[in-house]
Amino acid sequence: TSYWGQGVIPLTGPSSWHQSFPVAKDGSRQSPVDIRNEETERDPTLQPLVLKYDPRSSKTIANNGHSIQVDFDDTTDQSVLKGGPVTGSYRLRQFHFHWGSCDGRGSEHLVDGASFAAELHLVHWNSEKYADVANAAIEPDGLAVVGVFLKIGAANPALQKLLDAFDSVQKENTKADFKNFDPSTLLPPCLDFWTYLGSLTTPPLLESVIWHVLKEPITVSSGQMEQFRSLKFTANKPMQDNFRPPQPLKGRKVRRNF
Ligand SMILES: NS(=O)(=O)c1ccc(S(=O)(=O)NCc2cccs2)s1
Ligand SMILES: [Zn+2]
């Protein structure tokens with residue numbers, strides 16, 4: 001299935017997802033959202049975010065037809081998220097990106113209405129309470145996703161290591177080995193975050209994600225963004241604009257730890 005309107009069926013973009021996934025419209029905690037910083041609440045009880053990643057757990061890089069994704073061995077607690085709003089430990093499963101057809105758009109979350117060129121999502125699941133990601137993904141506290149904004153600026157050497165692997169995954173549904181990659185090289189020095197209860201931003205849009213959106217972006221150059229757009233969606237279309245627009249807060253409070 002091509003989620004992003006690149007398929008032959010005319011109506012497959014985010015605006016038609018509600019036909020197969022009613023939660024897209026009826027849900028109470030859909031993602032992404034526009035983070036209006038003035039309306040967020042500073043919560044001094046939030047613990048610091050602790051991300052402990054082991055490069056030995058990285059496995060493969062894949063073009064899954066709607067994003068580029070690096071998968072991790074999540075059979076043990078090698079790479080985990082702790083702290084922030086969550087109790088317990090969430091195991092890193094994968095990371096992937098969302099980006100635009102031009103540098104002026106591409107992120108899923110917005111900050112005071114502003115988009116970034118891209119957004120990195122590091123997906124973790126609650127390995128203390130659930131057996132695997134599929135079981136966790138249907139629970140309100142099952143997933144913890146860290147969102148990192150990519151802002152146009154200097155070329156990012158850590159990102160370049162990833163981009164250099166893109167040649168082997170240009171086509172949809174291709175996969176290649178991607179060992180010894182340390183995802184902490186993609187994090188900004190400061191882990192200040194906004195947090196709120198939300199959902200997956202792609203079908204099945206499950207309302208099982210505790211979101212942690214980092215305040216500080218990492219940089220990406222325009223040339224590096226072009227390399228993301230050299231990847232292919234289904235039907236050989238350039239992979240781009242694979243972001244969902246912001247969804248209503250429906251009374252939710254976004255907290256910050258800074
Ligand atoms: N853009 S995002 O970070 O909100 C994601 C969308 C989908 C994600 S997943 O690959 O982890 N699937 C989750 C599932 C596993 C099993 C059934 S659903 S993460
Ligand atoms: Zn995502």
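Residues numbered from 1 in each chain as written. Chains lettered and ligands numbered in written order. Predicted model: local features only at pLDDT ≥ 70, side-chain atom pairs only at ≥ 80, totals over all residues. Heavy atoms only, no water.

Trainee: Give me the lowdown on the overall build of the protein, citing residues and values where you can.
Mentor: Broken down by element type, the protein carries five helices and 15 strands. Against the globule reference of 18 Å for 258 residues, the protein gives a C-alpha radius of gyration of 17 Å, in line with a compact fold. With respect to the principal axes defined by its C-alpha atoms, the protein has extents near 45 × 40 × 40 Å. The proportion of buried residues among the 258 residues of the protein is 55%. Within the protein, contacts between residues separated by at least 24 positions form 73% of all contacts whose residues are at least 6 apart in sequence. When the accessible surface of the protein is summed, it comes to about 11,000 Å², and 53% of that surface belongs to carbon and sulfur atoms. (Helix = DSSP H or I, 4+ residues; strand = E, 2+ residues; numbered from the N terminus. Rg over C-alpha atoms; globule rule 2.2 N^0.38 Å. Buried < 20%, exposed > 50% of the residue type's maximum accessible area, 1.4 Å probe, protein only. Contact = heavy atoms within 4.5 Å. Areas by Shrake-Rupley, 256 points an atom, 1.4 Å probe, with all protein chains shown as cover.)

Trainee: Requested: an account of the coordination of the zinc ion (ligand 2), with residues and values cited.
Mentor: Tetrahedral coordination by four donors places them ideally at 109.5 degrees to one another around the metal; octahedral coordination by six donors ideally gives 90 or 180 degrees. Donor atoms from the polypeptide that bind the zinc ion (ligand 2) are H96 (NE2), H98 (NE2) and H121 (ND1), placed at 2.0 Å. Of note is the zinc ion (ligand 2), whose four donor atoms meet at the metal with angles of 97 to 116° in an arrangement that counts as tetrahedral. Written as a sequence motif, the donor arrangement for the zinc ion (ligand 2) is H-x1-H-x22-H. A residue pair is termed long-range when its members are at least 10 positions apart, and H98 in strand 7 (residues 90–99) and H121 in strand 9 (residues 118–126) qualify at 23 residues. (Donors = N, O, S within 2.8 Å, 3.2 Å for Na, K, Ca; no water. Tetrahedral: all angles 85-135°; square planar, octahedral: opposite > 155°, others 65-115°.)

Trainee: Got a sec to walk through the pairing of strand 5 (residues 68–72)? Specific residues and values, please.
Mentor: Burial analysis of strand 5 places five of its five residues in the buried class, which makes it a mostly covered element. Along strand 5, one buried face is formed by I68, V70 and F72 and the opposite face, lined by Q69 and D71, is buried too. Linking strand 4 (residues 58–63) to strand 5, which pair antiparallel, is a turn of four residues; within it G65 sits at a positive phi near 90°. When strand 5 meets strand 7, the two strands line up antiparallel, connected through three bridges. (Pairing = 2+ DSSP bridges.)

Trainee: Any chance you could break down the pattern of salt bridges for me, citing the residues and the numbers?
Mentor: Enumeration over the complete set of coordinates arrives at 11 salt bridges. The closest approach of N and O atoms between K129 and D141, which form a salt bridge, is 2.5 Å. Taken as a pair, K129 in the loop between strand 9 and helix 3 (133–136) and D141 in the loop between helix 3 and strand 10 (143–152) lie far apart in primary sequence, 12 residues in all. When salt bridges that share partners are traced, they join D103, E226 and R229 into one network. (Salt bridge = Lys/Arg side-chain N within 4 Å of Asp/Glu carboxyl O.)

Trainee: So what about the nonpolar core? Which residues, and what values?
Mentor: Counting 50 residues, the largest nonpolar core has I61, F95 and F97 as its most contacted members. Looking at this core, the element that brings in the most residues is strand 7, giving five residues. Residue contacts for I61: discarding those within four places in its chain leaves I68, Q69, V70, L162, A165, F166, V169, T174, K175, A176, D177 and F178. Counting 20 residues, the second-largest nonpolar core is a separate cluster that includes V33, I35, Y196 and W211. (Core = buried A, V, L, I, M, F, W, Y, C linked by side-chain atoms within 4.5 Å.)

Trainee: Give a detailed account of the pairing of strand 4, specifying residues and quantitative values.
Mentor: Strand 4 sits mainly inside the fold: five of its six residues count as buried. For strand 4 and strand 5, the ladder comprises five bridges, and the chain directions are antiparallel. Residue pairing in the sheet places T60 in a bridge with D71 of strand 5. Two strands pair when backbone bridges link them, and strand 4 and strand 11 (residues 174–177) are joined in this way by four bridges, in the antiparallel orientation. Bridge pairing in strand 11 links A62 to K175.

Trainee: Quick rundown of the confidence of the model for the protein? Include the residues and the values.
Mentor: The pLDDT averaged across the protein works out to 95; a share of 97% of its residues lies at or above 70. Both scores are available for the predicted complex, with the pTM at 0.97 and the ipTM at 0.96. (pLDDT = per-residue confidence, 0-100.)

Trainee: Which residues make up the site of ligand 1, and what values go with them?
Mentor: Around ligand 1, the surrounding shell holds 13 residues, and the nearest of these are Q94, H96, L200, T201 and T202. At 3.3 Å from a nitrogen atom of ligand 1 is found a side-chain nitrogen or oxygen belonging to H98. H121 places a polar side-chain atom, nitrogen or oxygen, 3.4 Å from a nitrogen atom of ligand 1. Protein burial of ligand 1: of its 480 Å² of free accessible surface, 78% is covered by the chains. Only strand 7 and strand 9 provide two or more residues apiece to the shell around ligand 1. Classifying every residue of the shell around ligand 1 gives seven nonpolar, six polar and no charged. (Near = heavy atom within 4 Å. Polar contact = N/O pair within 3.5 Å; in protein donor to acceptor, adjacent residues only side chain to side chain. Nonpolar A, V, L, I, M, F, W, Y, C, P; charged D, E, K, R; others polar.)

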